[in-house]
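# Structural description and commentary
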Amino acid sequence: FIITQLFFRAETFLKFLKDCRAIGITCPILPGIFPIQGYCSLRQLVKLSKLEVPREITDVIEPMKDNDAAIRNYGIDLAVSMCRELLDSGAVHGLHFYTLNREVATMDVLRRLGLWQEDPRRPLPWAVSAHPKRRVEDVRPIFWASRPKSYIHRTQEWDDFPNGRWGNSSSPAFGELKDYYLFYLKSKSARDQLLKMWGEELSSEESVYEVFTSYISGNPNKNGHKVTCLPWNDDPLAQETNFLKEQLEKVNKRGILTINSQPNVNGKPSTDPVVGWGPSKGYVFQKAYLEFFTSSEMVTALTKVLKRYEPRVNYHIVNVHGENITNAPDLQPNAVTWGIFPGREIIQPTVVDPDSFMYWKDEAFALWIEQWAKLYEEESPSRMIIQYIHDNYFLVNLVDNDFPLENCLWQVIEDTFQEHDNPTEQ
């Protein structure tokens, strides 16, 4: 497809479109719309694009060049009029806007054209890939919830994508980690920013606990810097995490280093602004989910406690060497998010899949080294602390299957702390 540069008259684009069609160019051609937002920005853009502003526009703008609000309102009127003419022509089937990172004018234009939806709906609880090959994909493992780019990269060679259910037939091998180290294990933040957030120098495992706790709480770390990301979460916390914030903060302080979680949801409207997704008039459901790193000593206590919560709680516990403990029956996937909508089958877009978890754990453990340990000099105490965690901690996921009841996973963790501090006989 083609997107044009900006223009100031609808007839300019319509003539260009007609000329393209006349010489055999048949692909979609989208008009590039620029709502004028200020005198200086217009001059700069005109200079870059080598375009000439029509006299009828300069005659209006020049007298009010020092009044940005008046120019912006005029720009919106002009863009609305031009867009209406383009859409009414029948030859234009889409619009591309140049916002210059100032979205308000574009939103006003779209509202006046009747093209703006005030409550943008999420079709699925995770970001849908725009790639045509993946249009049928509607199921994913929850482990990559905060790392969708690496998931897409690791599944880019798949011929068929899961549609309707996640099972052995729709779970082919994931791409190897080595193929995407350079691109997909990097943080968006610069090294000096990461050191300020995660510690110029670490003194103990507890220093790492403090970093996780600061990320969850939103409070600055001991050096006064906010922790806005972790190796497993390169973005701010999801809105639904606010439901769990108090408990997450509490457990991270004590060495349950959480990297993924979701609250239980029992029949919330699909239009709910926090947990809603899919078509309107539907209802969404979630099982409580918790994923974290913790020490081998804590795992010893956890495995004792979990026996008291079976079969309500499904668990999978694994270390970097692949030693794992699970009660997943026959290693079957467990749907942890689903929705019911008018006139449709049940959709279950998020699963906990034991087979996929073993691929994810390679990436999850690698991030300790690739993103965190390598910030420090080799043989430094800080690097050795992260290396120790990588080598000795376990990655755990827990699912509370009884979603209509109060989330029991916090009690599981509390019982684990008690067992850890005061071990009982097996």
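Presented here is an overview of the structure given in this document. Because the structure is predicted, anything quoted here is derived from the model rather than measured.

For helix H2 (residues 39-49), every residue scored as buried is listed here: Tyr39, Leu42, Leu45, Val46 and Ser49. All buried residues of H2 lie within an arc of 135° about the axis, which places them on one face of the element. Along H2, the residues that are exposed and aim more than 90 degrees away from the buried face are Cys40, Arg43, Lys47 and Leu48. Just past H2, the residue Lys50 takes up positive phi, approximately 60°.

Every buried residue of helix H10 (residues 245-253) is listed here: Leu248, Val251 and Asn252. All buried residues of H10 lie within an arc of 100° about the axis, which places them on one face of the element. Exposed residues lying more than 90 degrees from the buried face of H10 are Glu246, Lys250 and Lys253. On its buried side, H10 packs onto helix H9 (205-217), strand S5 (257-262), strand S8 (288-294) and helix H14 (409-421). Just downstream of H10, Gly255 is the residue with a positive phi angle, here 95°.

Okay, the pattern of salt bridges next. Summed over the entire model, instances satisfying the criterion amount to 16 salt bridges. Among the salt bridges present, the one from Glu56 reaches Arg9, with a minimum N-O distance of 3.0 Å. Here Arg9 lies in the loop between strand S1 (2-6) and helix H1 (10-22) and Glu56 lies in helix H3 (residues 55-61), a separation of 47 residues in the sequence. Its relative accessible area of 43% is what places Glu56 among the partly exposed residues. Among the ionic pairs, Glu419 bridges to Lys304, the shortest N-O distance being 3.4 Å. Here Lys304 lies in helix H11 (residues 296-306) and Glu419 lies in helix H14, a separation of 115 residues in the sequence.

Cut-off values and rules
- Residues numbered from 1 in each chain as written.
- Predicted model: local features only at pLDDT ≥ 70, side-chain atom pairs only at ≥ 80, totals over all residues.
- Heavy atoms only, no water.
- Buried < 20%, exposed > 50% of the residue type's maximum accessible area, 1.4 Å probe, protein only.
- Helix = DSSP H or I, 4+ residues; strand = E, 2+ residues; numbered from the N terminus.
- Arc of directions from axis to C-beta.
- Contact = heavy atoms within 4.5 Å.
- Salt bridge = Lys/Arg side-chain N within 4 Å of Asp/Glu carboxyl O.

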